[in-house]
Amino acid sequence: MSVSSRSKIRSRVQLKDELAHLRSKGKKIVFTNGCFDLLHPGHVRYLEKARAEGDVLVVALNSDSSVRRIKGAERPIQNQEERAEVIAGLQCVDFVTVFDEETPYEIIQELLPDVLVKGGDWPVEQIVGRETVEAHGGKVISIAFETGYSTSKIIDRIRATAQRTS
């Protein structure tokens, strides 16, 4: 990974300071979160659309333990360091951070993004952190899913292929 990609990965404290600096320059901060395990074209397109909503895109990744609590003991496939590195390598992503809670509520309260984005499986009124962002004058957006892409389906195909060849 290049130095520039690695420098996109920040602790919550580092990120909070950096975003304060960028806000002072008039930059609009966009925030999204997720597991992003086994990155696929649907993820990339989603993140590109999220980035188009502002000047700086922050992606908060669920930690490994958080993913296990949400998706079960067999997930994630890639650990949080690997997932952070892959996401940081995308041109549309400005910063990556990892959070350990099951929801991003706490980190959204700390970072107070101008725009909060989630995938189309989340109606705006159910997006965690919506009230916090809107109370500070921000907006919340639900971006339609790219059909035909699913990490779970990729895992199922890998398992089916492995069973056929063993």
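(A) Representation of the overall build of the protein within the structure. Scanning the protein from N- to C-terminus turns up eight helices and five strands. Secondary structure of the protein in N-to-C order comes out as α-α-β-α-β-α-α-β-α-β-α-β-α. Here the C-alpha atoms of the protein give a radius of gyration of 16 Å, agreeing with the 15 Å that 2.2 N^0.38 yields for 166 residues. Dimensions of the protein along its principal axes, counting C-alpha atoms only, are 60 × 40 × 25 Å. Per-residue burial for the protein yields a buried fraction of 42% across its 166 residues. Sequence-distant contacts, at least 24 apart, represent 74% of the contacts inside the protein between residues at least 6 apart. For the protein, the accessible area works out to roughly 8,800 Å², and carbon and sulfur atoms hold 49% of it.

(B) Expanded view of the side chain of T132. Turning to its location among the elements, T132 is positioned in helix α7 (residues 130-135). When near neighbours in sequence (up to four residues on either side) are disregarded, T132 contacts Y105, Q109 and L112.

(C) Broad picture of helix α3 (residues 41-51). Those residues of α3 that sit buried are G42, H43, Y46, L47 and A50. Within α3, the buried residues cover an arc of 130° as seen down the axis, which keeps them to one side.

(D) Structural view of the sheet that holds strand β2 (residues 56-62). Strands sit in the order β3-β2-β1-β4-β5 across an open sheet of five strands; the sheet is parallel. In this open sheet, the two edge strands, each paired with only one partner strand, are β3 (95-99) and β5 (139-143). Between one strand axis and the next, the sheet turns by 25° as a mean value, whatever way the strands run. Pairing geometry for strand β4 (residues 115-119) and β5, over five bridges, is parallel. Counted as the bridge partner of V115 is K139 from β5.

Calculation rules
- Residues numbered from 1 in each chain as written.
- Predicted model: local features only at pLDDT ≥ 70, side-chain atom pairs only at ≥ 80, totals over all residues.
- Heavy atoms only, no water.
- Helix = DSSP H or I, 4+ residues; strand = E, 2+ residues; numbered from the N terminus.
- Rg over C-alpha atoms; globule rule 2.2 N^0.38 Å.
- Buried < 20%, exposed > 50% of the residue type's maximum accessible area, 1.4 Å probe, protein only.
- Contact = heavy atoms within 4.5 Å.
- Areas by Shrake-Rupley, 256 points an atom, 1.4 Å probe, with all protein chains shown as cover.
- Arc of directions from axis to C-beta.
- Pairing = 2+ DSSP bridges.
- Axes fitted to C-alpha atoms, helices over the stretch in contact; angles between N-to-C directions.

These values are about where atoms sit, not about what they do.
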